[in-house]
Amino acid sequence: RLLSYIPLIFSISKLVYSDALHAALKADLNLASSRELRSFMRTTLLGLMLVLLLTMTAQVLRLQVGIDLFVSLVVRHVIVFVSISVFFFVWKLSLMRINNLRDRVRLSSSDVSGCWPKVTREYQAIVYFVDEVWRQSGLSAAVALIYILDLVFIALVIAVAQADTKLFVREAWMWIVMQAGVLCAGLYLWAKIHSACTSDA
């Protein structure tokens, strides 16, 4: 399963050199909303780190792993931490840029006819940014691949449970619930971007 993160690692490496991401980040850091981004990422990283540390500690104590398996667990959790952190960062930055444009259009709706050229340019910049950081970088495809493999693994574990109830232990149920929760959360966050782009509220 660790191999499924290889495409995600490559997409993250492309994001590091993304001009659109650097430009968007530089522009947002000069706005008042940068405090919201910093606060969100600080809370997200601390919470994620705590969850992964507790998960890895429980796995080590439960399985009594050797040094090789321990190193494998550490590597996997580091990759998961970096991957989820990048996902949240790109998601939040995309959503903030979309919402900032929506707010400006809503506040200046009475005189929007005079600022259509500026609004249009900003809209095109956001479209380019979202397309580059999600599609062109391969981030969305890599995350979708992980979600598909998670569904396959969940189906396989449930199939084993139906075939042999003795082999199906409590940890397997916990794994299924955790993976299903991550899958639902990721799809919900993606849907939030689509909702922000289409909602007229």
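To keep things clear, this report deals only with the structure shown in the data block. (Residues numbered from 1 in each chain as written. Predicted model: local features only at pLDDT ≥ 70, side-chain atom pairs only at ≥ 80, totals over all residues. Heavy atoms only, no water.)

Attention now goes to the side chain of S18. Considering the arrangement of structural elements, one finds S18 in the loop between α1 (6-16) and α2 (19-29). When neighbours within four sequence positions are excluded, S18 is seen to be in contact with E132 and V133. (Helix = DSSP H or I, 4+ residues; strand = E, 2+ residues; numbered from the N terminus. Contact = heavy atoms within 4.5 Å.)

Counting residues in each nonpolar core, the largest one holds 37 residues, and the members touching the most others are L8, V90 and W134. Every element with two or more residues in this core is listed here: α1, α2, α3 (34-63), α4 (67-107), α5 (116-136), α6 (139-163) and α7 (170-198). Top element by residues in this core is α4. It accounts for twelve residues. With near-sequence residues (within four places) excluded, L8 lies in contact with S83, L139, A142, V143 and I146. (Core = buried A, V, L, I, M, F, W, Y, C linked by side-chain atoms within 4.5 Å. Buried < 20%, exposed > 50% of the residue type's maximum accessible area, 1.4 Å probe, protein only.)

Scanning the entire structure with this criterion turns up seven aromatic pairs. Residues F40 and F88 carry aromatic rings whose centres are separated by 6.1 Å and whose planes lie at 55 degrees to one another, so their mutual orientation is tilted. Placement of the pair is F40 in helix α3 and F88 in helix α4, with a sequence separation of 48 residues. For F88, a relative accessible area of 23% translates into the label partly exposed. Measuring from ring centre to ring centre gives 5.6 Å for F87 and W134, while their planes differ by 80 degrees; the resulting arrangement is edge-to-face. Of the two residues, F87 sits in helix α4 while W134 sits in helix α5, which places them 47 residues apart along the sequence. (Phe/Tyr/Trp six-rings, centres within 6.5 Å; stacked < 30°, edge-to-face > 60°.)

Keep in mind these values describe shape, not function.
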